[in-house]
Amino acid sequence: MTEATPTRDEYQARWGAIKARSLAEIGPSLADRFRALPRAHRERILDSLTSVECMRLLHDWRFWARPKQLAPTWAWDVWLLLGGRGSGKSRPAAEFVDEKVRSGQWRTFALIGPDYQHVAKWMIGGEQGKEHNGSGLMDIARPWCRPELIVSKLELRYPNGAIGHITTAEQPEYRGPNLDGGWGDEPPRWRYGERFIQNLELATRAISLRGGRPQLVFTANPANLVFLLRMVMDEGTHVTHMRMRENETNLPASYVARQERKLGGTADGARELEGEPDFFGDESKKLFPMSAIEAHRVDEAPALERIAVCVDPGASTNDRSDPTGIGAIGLDDRQHIFVLADETEKPEPGKGPQRKPEAWAAVAVDLALRLGASLLIAERNKGGDMVLAVVRAELERRRRGGKPVPDLELREVYSVGDKPARAAPVRALYLAGEVHHVGRLADLEDEQTQWEPGMRSPNRLDMLVTSVRALRPDIMEGGGGPTPGATEIKDVLAANREIERSRTRDPLDPGNPGGVGDAEAWTYASGGDFTT
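Residues numbered from 1 in each chain as written. Predicted model: local features only at pLDDT ≥ 70, side-chain atom pairs only at ≥ 80, totals over all residues. Heavy atoms only, no water.

## Some details on the overall build of the chain
Along the backbone of the chain there are 20 helices and 14 strands. A sequence separation of at least 24 residues applies to 73% of the contacts in the chain between residues at least 6 apart. Roughly 25,400 Å² of accessible area belongs to the chain as shown, and the carbon and sulfur atoms make up 51% of that amount. (Helix = DSSP H or I, 4+ residues; strand = E, 2+ residues; numbered from the N terminus. Contact = heavy atoms within 4.5 Å. Areas by Shrake-Rupley, 256 points an atom, 1.4 Å probe, with all protein chains shown as cover.)

## Regarding the side chain of asparagine 221
Along the chain, asparagine 221 turns up in the loop between β7 (215-220) and α10 (226-233). Looking at asparagine 221, the relative accessible area reads 12%, which means it is buried. Within polar-contact distance, the side chain of asparagine 221 engages the side chain of lysine 89 at 3.2 Å. A distance of 3.4 Å separates polar atoms of two side chains, one belonging to asparagine 221 and the other to glutamate 272. When residues no more than four places from it in sequence are discounted, the contact partners of asparagine 221 are Leu82, Gly83, Gly84, Arg85, Lys89, Glu186, Pro188, Leu228 and Glu272. (Buried < 20%, exposed > 50% of the residue type's maximum accessible area, 1.4 Å probe, protein only. Polar contact = N/O pair within 3.5 Å; in protein donor to acceptor, adjacent residues only side chain to side chain.)

## A word on the nonpolar core
The biggest cluster of nonpolar side chains holds 58 residues, and the ones touching the most others in it are Leu80 and Val339. Excluding residues within four positions of it along the chain, valine 339 makes contact with Ala328, Ile329, Tyr430, Val435, His436, His437, Val438, Leu441, Leu444 and Leu464. (Core = buried A, V, L, I, M, F, W, Y, C linked by side-chain atoms within 4.5 Å.)

## Side note on the pairing of strand β8 (residues 237-242)
Buried residues dominate β8, accounting for six of its six residues. By the alternation rule, side chains of β8 split into Thr237, Val239 and His241 and His238, Thr240 and Met242, which are all buried.

## Focus on the confidence of the model for the chain
Per-residue confidence for the chain averages 85 on the pLDDT scale, and 84% of its residues sit at or above 70. Ignoring residues within four places in sequence, the model shows residues 128-132, a span with pLDDT below 50, making 10 contacts including any to other chains. When the criterion is pLDDT under 50, residues 499-510 qualifies, and its contacts beyond four places in sequence or with other chains add up to 22 contacts. (pLDDT = per-residue confidence, 0-100.)

## Considering the packing of aromatic side chains
Inspection of every chain in the model, using the stated rule, returns 15 aromatic pairs. With 5.0 Å between their ring centres and 85 degrees between their planes, phenylalanine 63 and tryptophan 64 make a pair best called edge-to-face. On the basis of relative accessibility, which here comes to 10%, the residue phenylalanine 63 falls in the buried class. Measuring from centroid to centroid gives 5.1 Å for phenylalanine 288 and tyrosine 430, while their planes differ by 75 degrees, and the two rings are edge-to-face. Of the two residues, phenylalanine 288 is situated in the loop between α12 (267-272) and α13 (290-295) and tyrosine 430 in helix α16 (residues 419-431); the sequence distance between them amounts to 142 residues. With a relative accessible area of 0%, phenylalanine 288 lands in the buried category. Taken together, Trp76, Trp79, Phe96, Trp106, Phe109 and Tyr158 form an aromatic cluster joined through their ring pairs. Between arginine 56 and the ring centre of tryptophan 144, over which it is positioned, the NZ or CZ distance is 5.6 Å. (Phe/Tyr/Trp six-rings, centres within 6.5 Å; stacked < 30°, edge-to-face > 60°. Lys NZ or Arg CZ within 6 Å of the ring centre and 35° of its normal.)

## Some points on the sheet that holds strand β10 (residues 325-331)
Ordered in space as β13-β12-β9-β10-β11-β14, the six strands form an open sheet in which the pairing is mixed. Looking along the sheet, the strands with just one partner apiece sit at the ends: β13 (409-413) and β14 (435-437). Neighbour-to-neighbour, the strand axes of this sheet turn through a mean angle of 25 degrees, independent of strand direction. Looking at chain direction, strand β9 (residues 306-312) and strand β12 (residues 375-379) are connected through four bridges and run parallel. By the bridge assignment for β12, valine 309 is matched with leucine 376. (Pairing = 2+ DSSP bridges. Axes fitted to C-alpha atoms, helices over the stretch in contact; angles between N-to-C directions.)

## Quick look at a nonpolar patch on the surface
Taken together, Met55, Leu58, Trp64 and Trp144 make up a surface patch of nonpolar side chains, about 420 Å² in accessible area. Tracing the backbone through its elements, the reader meets leucine 58 in helix α4 (residues 51-58). (Patch = residues over 30% accessible without salt bridge, like charges linked within 9 Å, V, L, I, M, F, W, Y side chains within 5 Å. Salt bridge = Lys/Arg side-chain N within 4 Å of Asp/Glu carboxyl O.)

## Overview of the pairing of β7
Buried residues dominate β7, accounting for six of its six residues. Alternating positions in β7 separate into two faces, Gln215, Val217 and Thr219 on one and Leu216, Phe218 and Ala220 on the other, with burial throughout. The sheet contact formed by strand β1 (residues 78-83) and β7 spans five bridges and is parallel. What sits directly across from leucine 82, in β7, is alanine 220. When strand β6 (residues 181-185) meets β7, the two strands line up parallel, connected through five bridges.

## Regarding the pattern of salt bridges
Going through the model one piece at a time under the given rule, you end up with 45 salt bridges. Members of the salt-bridge network, linked through shared partners, are Asp115, Arg189, Glu294, Arg297, Lys346, Arg440, Asp443, Glu445 and Asp446.

## Some thoughts on the sheet that holds strand β4 (residues 155-157)
Strand order in the open sheet made by the eight strands is β3-β4-β5-β2-β6-β7-β1-β8, with mixed pairing throughout. The strands lining the two open edges of the sheet, one partner per strand, are β3 (148-150) and β8. Mean inter-strand twist for the sheet, computed between neighbouring axes without regard to direction, equals 20 degrees. With six bridges joining them, β1 and β8 adopt parallel strand pairing. Within β8, the residue paired with leucine 82 across the bridge is histidine 241.

## Structural notes on the environment of proline 188
Relative to the helices and strands, proline 188 is located in the loop between β6 and α9 (194-203). Along the sequence, proline 188 and arginine 440 sit 252 residues apart, while their C-alpha atoms lie 8.1 Å from each other. When neighbours within four sequence positions are excluded, proline 188 is seen to be in contact with Ala220, Asn221, Ala223, Leu225, Phe227, Leu228, Arg440 and Ala442.

## Some words on the packing of helix α1 (residues 8-24) against α10
As a packed pair, α1 and α10 sit with axes 10 Å apart at the nearest point and diverge in direction by 60 degrees. Between α1 and α10, the angle is such that the two are oblique. With respect to the hand of their crossing, α1 and α10 are arranged in left-handed fashion. Residues Glu10, Tyr11, Arg14, Trp15 and Ile18 of α1 pack against Leu229, Val232 and Met233 of α10. Among the residues making up the contact of α1 with α10, the classes are represented as six nonpolar, no polar and two charged. (Parallel < 35°, antiparallel > 145°, perpendicular 65-115°, else oblique. Left-handed = near helix turned anticlockwise from the far one by under 90°. Nonpolar A, V, L, I, M, F, W, Y, C, P; charged D, E, K, R; others polar.)

## Regarding the packing of α16 against helix α18 (residues 459-471)
Close contact between α16 and α18 brings their axes to 10 Å; oriented N to C, the two are set at 65 degrees. The angle between the axes of α16 and α18 places the two elements in the roughly perpendicular class. Of the two possible hands of crossing, α16 and α18 adopt the one that is left-handed. Here Lys419, Ala421, Arg422, Ala423, Pro425, Val426, Leu429 and Tyr430 of α16 come into contact with α18, specifically with Asp462, Leu464, Val465, Val468 and Arg469. Within the contact of α16 with α18, the residues separate by chemical class into nine nonpolar, no polar and four charged.

Quick look at the structure:
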């Protein structure tokens, strides 16, 4: 891929050509055309086929695929299937890989996703997936060439000896065997996108020794990311633009109608329904523009003077509550902020947060140990006492069990004002280039770039804003934020007095005289609805 970032005019010319070609490829599959024939005609064709030919037709992707779902025939390096959810992009990628394996062209290949659970559920599927979608490699495999998943070795082994190596882009470097090719799903959600793909391309050289051409296929939702723009613009990339309506025969009509009713005419609709990237869209009204995040993203953080873990607690663990926000940031000698991690839970749809207080406390302490943090910040507004009590209990259990314990300063922070006002000085740091995300933090960045006032409280964004303000208190001085009124100042003073009093009478702190003790504190702290 090229290094230079394309201009708006260059992109518009390229995207116009891609859309024109993609529109020309829209059409029914051979199976759809066969179904449209009169019954007598269909029966004559089927009667002319042998039982073996019928079996092969049943498993022939060229019979079932729409023209747009067939692999391009020219000598491409990267095939990018770009479309929203439900547009039918996973099946052609899996079929392409399966054909390469069955033909013997690929003996070793990579399967890459944001994490191992994603690869297992959506790319491999089959009986190993909890709720497979029918488009994974085990779902579409032919009976005579069905792979076996070797979990202990992270391999998908085929009867003909081909091996699929399961990996993720959670680290910037690809480390593994030389490859013939590979399939990467949702690269916009990879922690390290462009750098990992560059390393992956360097590893796809095994097939070249046999006179073949290394090829990579990527399936992706549109996202405003520079490396995806560069991939689209690369002359060796074939982009297939996919829309939900084109796949409507494989989706419930009520689902398509509902999504069009909800998302039609919106930015989300352009992305999810039409598969339209927005690389050069107007971001001036966004609280955190993606362009500001992208421009200052780094693969590695420098030496940091201080690292802090931040916890923004959910009010409860019922299905209406937000998960507890957990993340980490660091500060270098220039006072630049580096966003290091987002360990916030990702609950399954329809389910509330599954982490109980003891579980998220362990996640926060593990994160502090892994990164060498010296500070843990808890937002006071939503149970600051509870957060610190639960963390103290976790630290004490580890001490008693002889496990490593980080040397943490525990600090409560009281947030005043509405969310846009609190976030404004942090936004200013982003625009000034003083905040750097280390790799891609997809869920956090989605909240940052999509949240608008009035929307449900985003705990990842709250966690980020709270931690940045704690490590950079200077942004609130000398006009760095909104001028506080008398009421806000009184609120802060009252909160600080309450914090000071709580340190001498906190019944959940086993270290305080008259406290209830560790066991009782833990019983109280681990079961209840912690709202203030």
